[in-house]
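# Fold and contact review
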Amino acid sequence: MPPILNSILASALLLLLTNSAARAADDVPSLDAWSMVIGLVGGLALFLYGMDHLAGALKTLAGARLRRVLSGMTRNRIWAAVSGAVITGLVQSSSVTTVLVVGFVSAGLMPFAQSIAVIMGANVGSTLTAQIIAFRVDAIAPLVIAIGFAMTMLADRKRFTLIGKAVLGMGMLFFGMGMMSDAMEPLRTYGPFIDVMGQMRNPFLAMLVAAAFTALVQSSAATMGIVIVLAGQGLVPLDSGIALIFGANIGTCVTALLVTIGKNRDAFRTALGHVLFNVVGVLIWLPFIDHLVTLVEFITTGRTAETVDIAREIANAHTIFNVANVILMIGFVPLIARLIEKLVPAEIDTEPRLSPEPKYVIHELTIAPAAALSLLRNEVMHMGDVVIDVVRRGRENLRNPTRPKLKKLGELDDGVDSLQDAIALFAAKLPRAELLPGDVNRMQNELAVSNHLEAVGDLISEEMVKLVGEWLDIRHMPSDENRQKMAELYEIAEDCLKQAMTAFSAEDLEAANRVLNRKADFTTKLDTTLRKVSDEIGPRDLDIRRYRIEVAMVERINRLYERARRIAHATIAIKNQQEPAPTEQNAASTIADAM
């Protein structure tokens, strides 16, 4: 992570300069600065790598549970706050939750006002990370690492392997904390550093330093880890530690602001809501730091003069601060939303209702694969809406074709293809190692549905447009009765496609089976239409050409129905957690492709 490395290098340079200046001015004994920097860099790297391991395993283990929590975000503001806390607890990162929320608002999946409550809850969920860090079980960290490693190596089921990965990550987290603590121990008696930390008694300076560091490394957990290490060495008193975590809460807002670059105004409003909530929360508590210190000291159990655990007290202060802010401000969410809407007026939406532009696949959200699967599903449903509109236009052209309508229909193919490309690219970016087998099967079946929809788009916008264009070229259209028969067959296939996408959207097995059960009726109608077409073959070359076009048109309609059946099969496979449905033999294989 370059920002973290830059900050470590800057800290190392500052430490070396401070050490040199102290030796020149006051003849203060020198520190072994390089050893300290190596210990700090290595410890922080292990800490963050362990946190990443822990978060990755928890995200994968959460799987469907995370999607269920996400789906409940829009119920009411209380549930939204609870959802934000649960998601952050699962993924061990309020920044990830914030990125998810900004993405959901940008995609139109969540009302802006509701996102503020989710972010409030995310701040509460982040306190779990601080509580875990505050345990400081450095002594048994190697044992935890050994247990986690053994589980990842010996487990024969992915779920147990993931549990082992989480345990391993927690062990590395604590081991990294121990390394940082050992590296900083000489600073306990180092005068210049003690003087610098003494200035942290100024809460504004402490907040500024913590906010800048958190913004630089884009990880409030890293800031919390260092603060707790310093507190464990007795270098940071409780009041300064509280001011530092206030600053970390403000600095973490930078991640949300960066994610909004290139997004719509609702996404920027969400990030602004995050900033407003955190800044106002700090301003509320800033005059009462001394009171918060007293409260924390009172509620921290087992506290005596000999057993003061400032690291635990800082973690408790972090929890009280965030929980109290949510309780104080959750009732004002509508007012906060209206204020932000006035500060950032809505943009005029001139986008067509069924634009083939991607709406939901936001690549920043691949950091949480379970949540990204929900977006992938929504994008496939959006593609279904676009393709169903293409099919509707195809039916209108079949009944009453004109050159301008055919041209416009043909132009829609590129949009469907680009939408399919966006879905495929998004799926390719999802780390499959972080998905459970059931989630991988779901993704593969959803990709299969998008492939079928893309094939339908090509079928209508390319092949059927070409066939209807040939009718117009030869100026020898089918009889009204034949065209009516083909239109009726087309309507059945179109209706089945709509039912298949409805089944996919709701994961409705009954609806999917209704599509499959229409096979006999559709085949009967298909045979009737083909017989009628054959009955009208004329002796002229022009009649034969028209006949070939009509047979080809019926074959395309049959393929439209078959694609609807495959979508229904994919829906059943998703519901039953099966492998992608096998490719079916085209039911029209007995019909010669006249083209």
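Before reading on, note that the structure itself is shown above.
## Things to note about the overall build of the chain
When helices and strands are counted, the chain shows 24 helices and zero strands. Residue burial in the chain is summarised as follows: out of 595 residues, 54% are buried. Within the chain, contacts between residues at least 6 apart in sequence are counted, and of these 82% link residues at least 24 apart. Approximately 25900 Å² of the chain is accessible, and the part contributed by carbon and sulfur atoms is 59%.

## Let's talk about a nonpolar patch on the surface
A cluster of nonpolar residues, Ile78, Trp79, Val82 and Val86, forms a patch on the protein surface that exposes about 310 Å² of accessible area. Mapped onto the elements of the fold, Ile78 is located in helix H4 (residues 77–91).

## Some remarks on the nonpolar core
Counting residues in each nonpolar core, the largest one holds 96 residues, and the members touching the most others are Met120, Leu453, Leu497, Met553 and Ile557. Counting residues per element, this core draws most heavily on helix H18 (residues 369–399), which supplies 14 residues. In this view, Leu453 contacts Val380, Met383, Gly384, Val387, Val416, Leu497, Met501 and Ile567; residues no more than four positions away in its chain are not counted. Within the second largest apolar cluster, 51 residues are counted, among which are Ala210, Phe213, Val236 and Val293.

## Quick word on the packing of aromatic side chains
Applying the stated criterion across every chain, the model contains two aromatic pairs. Taking 4.6 Å as the distance between ring centres and 35° as the angle between the ring planes, the aromatic pair formed by Phe246 and Phe321 counts as tilted. Taken together, the residues span a long stretch of sequence, with Phe246 in helix H12 (residues 238–251) and Phe321 in helix H16 (residues 310–329) at a distance of 75 residues. The two residues Phe246 and Phe321 agree in class, both being buried. Plain terms: the ring middles of Phe522 and Tyr561 are 4.4 Å apart, the flat faces sit at 20° to each other, and that makes the pair stacked. With a gap of 39 residues between them, Phe522 in helix H23 (residues 519–535) and Tyr561 in helix H24 (residues 541–575) connect regions that are remote in the sequence. Stacked on the ring of Phe112, the Lys or Arg Arg269 has its end atom at 5.8 Å from the ring centre. Over the aromatic face of Phe504 sits the side chain of Arg377, whose NZ or CZ is 4.5 Å from the ring centroid.

## A short note on the side chain of Glu446
Relative to the elements of secondary structure, Glu446 occurs in helix H20 (residues 437–474). The class of Glu446 is buried, set by a relative accessible area of 0%. Once you skip the residues sitting within four places of it in the chain, Glu446 turns out to touch Leu373, Leu376, Arg377, Val380, Phe504 and Ile574.

## Focus: the packing of helix H11 (residues 220–232) against H12
Interhelical geometry of H11 versus H12 gives an angle of 170° and a closest axis separation of 10 Å. Relative to H12, H11 is oriented roughly antiparallel. Along the contact surface, H11 presents Ser220, Thr223, Met224 and Val227, while H12 presents Gly241, Leu244, Ile245 and Ala248. Across the contact of H11 with H12, the residue classes tally to five nonpolar, three polar and no charged.

Parameters at a glance
Residues numbered from 1 in each chain as written. Predicted model: local features only at pLDDT ≥ 70, side-chain atom pairs only at ≥ 80, totals over all residues. Heavy atoms only, no water. Helix = DSSP H or I, 4+ residues; strand = E, 2+ residues; numbered from the N terminus. Buried < 20%, exposed > 50% of the residue type's maximum accessible area, 1.4 Å probe, protein only. Contact = heavy atoms within 4.5 Å. Areas by Shrake-Rupley, 256 points an atom, 1.4 Å probe, with all protein chains shown as cover. Patch = residues over 30% accessible without salt bridge, like charges linked within 9 Å, V, L, I, M, F, W, Y side chains within 5 Å. Salt bridge = Lys/Arg side-chain N within 4 Å of Asp/Glu carboxyl O. Core = buried A, V, L, I, M, F, W, Y, C linked by side-chain atoms within 4.5 Å. Phe/Tyr/Trp six-rings, centres within 6.5 Å; stacked < 30°, edge-to-face > 60°. Lys NZ or Arg CZ within 6 Å of the ring centre and 35° of its normal. Axes fitted to C-alpha atoms, helices over the stretch in contact; angles between N-to-C directions. Parallel < 35°, antiparallel > 145°, perpendicular 65-115°, else oblique. Nonpolar A, V, L, I, M, F, W, Y, C, P; charged D, E, K, R; others polar.

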